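Below, each chain spelled out in residue letters.
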Amino acid sequence: MIADFNSRNNGAEAGAGFGSGNGASASAAVPNAIEVERIVKKYGDFTAVNDVSFDVKEGEIFGLLGPNGAGKSTLIRMMTTLIPITAGTARIAGHDVQKEPDAVRRAIGVIPQALTSDLDLTVEENLNIYAKLYDVPAKKRKQAVDELLEVVDLTKWRNAQTKTLSGGMRRRLEIARGLVHSPRIFFLDEPTTGLDPVSRVAVWEMLTNIKKNRQLTILITTHYMDEADRLCDRIAIVDHGKLVALDSPVALKASVPGTNVIEVQFDNAPADWEEKLRGLSDVTSVQHLGAGMYRVLTGNGSRTTTELVEMSVEAGVSVKSLSVQNTTLDDVFVHYTGRQLRDELVKAYGFVMPPSPGVQP
Ligand SMILES: Nc1ncnc2c1ncn2[C@@H]1O[C@H](COP(=O)(O)OP(=O)(O)OP(=O)(O)O)[C@@H](O)[C@H]1O
Ligand SMILES: [Mg+2]
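Residues numbered from 1 in each chain as written. Chains lettered and ligands numbered in written order. Predicted model: local features only at pLDDT ≥ 70, side-chain atom pairs only at ≥ 80, totals over all residues.

### Looking at unusual backbone geometry
Backbone phi values are negative for most residues with the exception of glycine, while trans is the configuration of most peptide bonds.
Phase 1: One non-glycine residue with positive phi stands out, namely Ala93, at about 50°.
Phase 2: Within the fold, Ala93 resides in the loop between strand 4 (87–92) and strand 5 (95–96). (Helix = DSSP H or I, 4+ residues; strand = E, 2+ residues; numbered from the N terminus.)

### Notes on the site of ligand 1
Phase 1: The immediate surroundings of ligand 1 are formed by 13 residues, with Tyr43, Ala48, Lys72, Ser73 and Thr74 found nearest.
Phase 2: Only strand 2 (46–57) and helix 3 (72–79) provide two or more residues apiece to the shell around ligand 1.
Phase 3: At three residues, helix 3 tops the list of elements feeding residues into the shell around ligand 1.
Phase 4: Split into classes, the residues belonging to the shell around ligand 1 amount to four nonpolar, eight polar and one charged. (Near = placed C-beta within 6 Å. Nonpolar A, V, L, I, M, F, W, Y, C, P; charged D, E, K, R; others polar.)

### Details of the sheet that holds strand 14 (residues 319–326)
Phase 1: Pairing is antiparallel across the open sheet formed by four strands, whose spatial order is 12-13-11-14. The two strands at the open ends of the sheet, each matched to only one other strand, are strand 12 (283–290) and strand 14. Shown here is a sheet whose adjacent strand axes are inclined to one another by a mean of 15°, direction ignored.
Phase 2: With six bridges joining them, strand 11 (residues 260–266) and strand 13 (residues 293–298) adopt antiparallel strand pairing. Paired with Val264 across the two strands is Tyr294, which belongs to strand 13.
Phase 3: Packing of helix 12 (residues 301–315) onto the sheet brings it into contact with strand 11, strand 12, strand 13 and strand 14, and relative to strand 11 it is tilted by some 15°. (Pairing = 2+ DSSP bridges. Axes fitted to C-alpha atoms, helices over the stretch in contact; angles between N-to-C directions. Contact = placed C-beta atoms within 7 Å.)

### A word on helix 7 (residues 167–178)
Phase 1: Look at helix 7: 16 Å from first C-alpha to last across twelve residues, which is about the 16 Å you get at 1.5 Å a residue.
Phase 2: Counting buried positions along helix 7 gives nine out of twelve residues, so the element sits mostly inside the fold.
Phase 3: Turning to helix 7, its buried residues are Arg170, Arg171, Arg172, Leu173, Glu174, Ile175, Ala176, Arg177 and Gly178.
Phase 4: In this structure, the buried side of helix 7 is in contact with strand 6 (108–111), helix 5 (123–133), helix 6 (138–151), strand 7 (185–189) and helix 8 (197–213). (Expected span 1.5 Å × (residues − 1). Buried ≥ 20, exposed ≤ 12 C-beta atoms within 10 Å, placed from the backbone.)

### Considering the pairing of strand 6
In the case of a regular strand, side chains alternate between the two sheet surfaces.
Phase 1: The alternating pattern of strand 6 places Ile108 and Val110 and Gly109 and Ile111 on opposite faces, both of which are buried.
Phase 2: Sheet topology places strand 6 next to strand 7; four bridges connect them, and they run parallel. Each bridged residue has a counterpart across the sheet, and for Gly109 the counterpart in strand 7 is Phe186.

### Considering the packing of helix 5 against helix 6
Phase 1: At a closest axis distance of 10 Å, the pairing of helix 5 and helix 6 adopts a crossing angle of 135°. Taken together, the axes of helix 5 and helix 6 are oblique relative to one another. Note that helix 5 runs across helix 6; the crossing there is right-handed. Here helix 5 contributes Glu124, Leu127, Asn128 and Ala131 to the contact with helix 6, which in turn contributes Arg141, Ala144, Val145 and Leu148.
Phase 2: Its residues assigned to classes, the contact of helix 5 with helix 6 comprises five nonpolar, one polar and two charged. (Parallel < 35°, antiparallel > 145°, perpendicular 65-115°, else oblique. Left-handed = near helix turned anticlockwise from the far one by under 90°.)

### A closer look at the nonpolar core
Phase 1: By size, the foremost hydrophobic cluster in this structure holds 70 residues, and its most contacted members are Met79, Ile92, Ala176, Val180 and Phe187.
Phase 2: Ignoring sequence-local partners within four residues, the contact set of Phe187 consists of Ile76, Met79, Thr80, Ile108, Val110, Ile111 and Leu219. (Core = buried A, V, L, I, M, F, W, Y, C linked by C-beta atoms within 7 Å.)

Below is the structure:
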């Protein structure tokens, strides 16, 4: 029997559900929806997740950001009871995933990385099947399905066969399906990978709206920096199974030395150019991206730009393009991992989205 999760705001149940039996969360103003402590996953000798700890507060949108193979899906699979934990603990909605997996399953909605809706069913049938699976009472089912179709903007498509939907629409259907039993905590594994930019933004907007209108904690994995920056209250950067940084997007960006990033392309830069760029005032780091393109981090964008242009004129080096932006999460990733996330994605997929319109990766 599936419990009634809609009663979670009515006093006693909410208190019992979250943080009970955990001293650390009892004193916090907002209870923790997710508590992961020193979690490890080994496949034979290979450690896919290596001693990771973090808490997610009720109502937060929490991002797990990392390149391919970082361990994001493995973390989600452990938190959602799909694979056993090698060491450490995870408590979801106050329940230990190893000791009370059924209670955890009732409290969560999960959107796995691969698309899993049934292509031969209609949109509405896909939702209804899940609602029945989760024992949503018949009376509530229709209302829940109608509401969710509206939320994900698929009302007009309710009778369409799922195979006729675009990738973005199918993703939206799966998000609706994951919410049909009113879970407290929603896990989404790369919900926007492979979607075109317009569909990606539609999914973000939808998630933000859902978050506003429902009492929901969201844990989302992504390797899109802009997505994490825009959506998440806090972000954990994972790399090679380890948590390397954890904070709000603003604080993460502030933790990187330098406040501006200059992306500049030169036509005929000499061999020692990178070193020369490093010598300019306020520069904290320089990265050569190839093809005469450099990424310069600086504490003072305007001063460094002026000096950079003067130096180029003196040296007879021509500037092909130049842009000055605020520090981004890309810079945060480079700072904490020593690598560019975009390079990792190119290796994995052979293509990557430009970081912003007009800027080639
Ligand atoms: N069943 C398995 N057996 C052996 N190794 C595995 C298994 N599942 C995952 N791995 C390995 O664990 C590491 C983490 O994989 P995981 O799928 O969690 O990464 P990810 O961060 O989700 O990457 P992606 O962005 O590609 O989805 C990878 O090196 C992967 O090859
Ligand atoms: Mg994954």
